[in-house]
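# Examination of the molecular architecture
What follows is each chain in one-letter form.
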Amino acid sequence: MRKPFLIVVIMMCLLAALAACSADDSDGDTVQATPDAGAQPGVTEEATPEVTAEAVVTEEVAERTIPNVSRDRNYVFNVIDVFDDFSVDDLSPAGDGQKWMLARLSLTNNDAPAFEVAREAVFALDEEGNRYTPAAPDEEAAQPSIFNQEIATQETLVGFALFQIPQGSTLESISWCLSAECNEPLTARVVITAG
């Protein structure tokens, strides 16, 4: 007695699944809904798929997607290129046990009053968390410098910053703040372009 009942239940489940699959709309955009008891007979309405979860881009996803860009409501800070162990004829030699890293940066002023990029408001961190300030912007090889340039509203400034760091170290991130006293800098991860 149990075996025929079990077979009937399994068959009913399979038929129900088959009916559900064949009732699906082939393009997946809309589904015809059957009217409920209070609806007018013979009238059907298109049902819109219900969105149950909001799509959210997490900070982790954003870092993997665009690792060298940081933004807030007013500014976009971008590390375009970083050249490790940078050396050209116009550049004075790095100190003993040191090397130069040249970063090409861009800064966009979306909606703030005009301001000047101060050298004290930019810093880099290496893989161990050591902090480095940019070299003075008078090196001929690091021109045009991003420092001491004014950025008006709705403008983008692109320029170089030169960092002297110990041999064997690698920059992990570069940060910018409107002033040197900022508590929440825009920080962009470094992607080494060339050595």
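Preceding this paragraph is the structure being described.
Residues numbered from 1 in each chain as written. Predicted model: local features only at pLDDT ≥ 70, side-chain atom pairs only at ≥ 80, totals over all residues. Heavy atoms only, no water.

Further remarks concern the overall build of the chain. Within the chain, the secondary structure is distributed over two helices and twelve strands. Element order for the chain, N to C, with α for helix and β for strand: α-β-β-α-β-β-β-β-β-β-β-β-β-β. By sequence separation, contacts in the chain at least 24 residues apart represent 67% of the contacts at least 6 residues apart. Working note: accessible area of the chain is about 13,100 Å², and carbon and sulfur atoms make up 53% of it. (Helix = DSSP H or I, 4+ residues; strand = E, 2+ residues; numbered from the N terminus. Contact = heavy atoms within 4.5 Å. Areas by Shrake-Rupley, 256 points an atom, 1.4 Å probe, with all protein chains shown as cover.)

The next subject is the nonpolar core. In terms of nonpolar packing, the biggest core is built from 28 residues, with F77, F163, I174 and W176 touching the most fellow members. Of all elements in the fold, only β4 (75-83), β5 (98-109), β7 (122-126), β10 (155-166), β11 (171-176) and β12 (186-189) reach the threshold of two or more residues within this core. Setting aside residues up to four positions removed in sequence, W176 forms contacts with Y75, F77, L107, F115, V117, A121, V122, P185 and L186. Of all hydrophobic cores here, the second largest spans nine residues; its members include F86, L91, A135 and A142. (Core = buried A, V, L, I, M, F, W, Y, C linked by side-chain atoms within 4.5 Å. Buried < 20%, exposed > 50% of the residue type's maximum accessible area, 1.4 Å probe, protein only.)

Taken as a whole and judged by the stated rule, the model has two salt bridges. Between D84 and K99 there is a salt bridge; the shortest N-O distance is 2.7 Å. With D84 in the loop between β4 and β5 and K99 in strand β5, this pair connects stretches of sequence that are 15 residues apart. The class of D84 is buried, set by a relative accessible area of 17%. (Salt bridge = Lys/Arg side-chain N within 4 Å of Asp/Glu carboxyl O.)

Turning next to the side chain of S169. With respect to the secondary-structure elements, S169 resides in the loop between β10 and β11. Not counting residues within four places of it along the chain, the set of residues in contact with S169 comprises K99, D126, E127 and Y132.

Looking now at the environment of T193. Relative to the elements of secondary structure, T193 occurs in the segment after β12. Expressed as a C-alpha distance, the spacing of T193 and F83, which sit 110 residues apart in the sequence, is 5.7 Å. Excluding residues that lie within four positions of it along the chain, T193 makes contacts with I80, D81, V82 and F83.

As summarised here, the arrangement of the four strands in space is β8-β7-β11-β12, forming an open sheet in which the pairing is antiparallel. Bordering the open sheet on either side are β8 (131-132) and β12, each of which pairs with just one other strand. Looking at chain direction, β11 and β12 are connected through four bridges and run antiparallel. From the neighbouring strand, S173 faces β12, where its bridge partner is R189. (Pairing = 2+ DSSP bridges.)

In this section: the pairing of β7. Two faces make up the sheet, and in a regular strand the side chains alternate between them. Buried residues dominate β7, accounting for four of its five residues. Pairing of β7 with β11, which is carried by five bridges, proceeds in the antiparallel orientation. What sits directly across from F123, in β11, is S175. The loop that links β7 with its antiparallel partner β8 comprises four residues; one of these, G129, has a positive phi angle of about 90 degrees.

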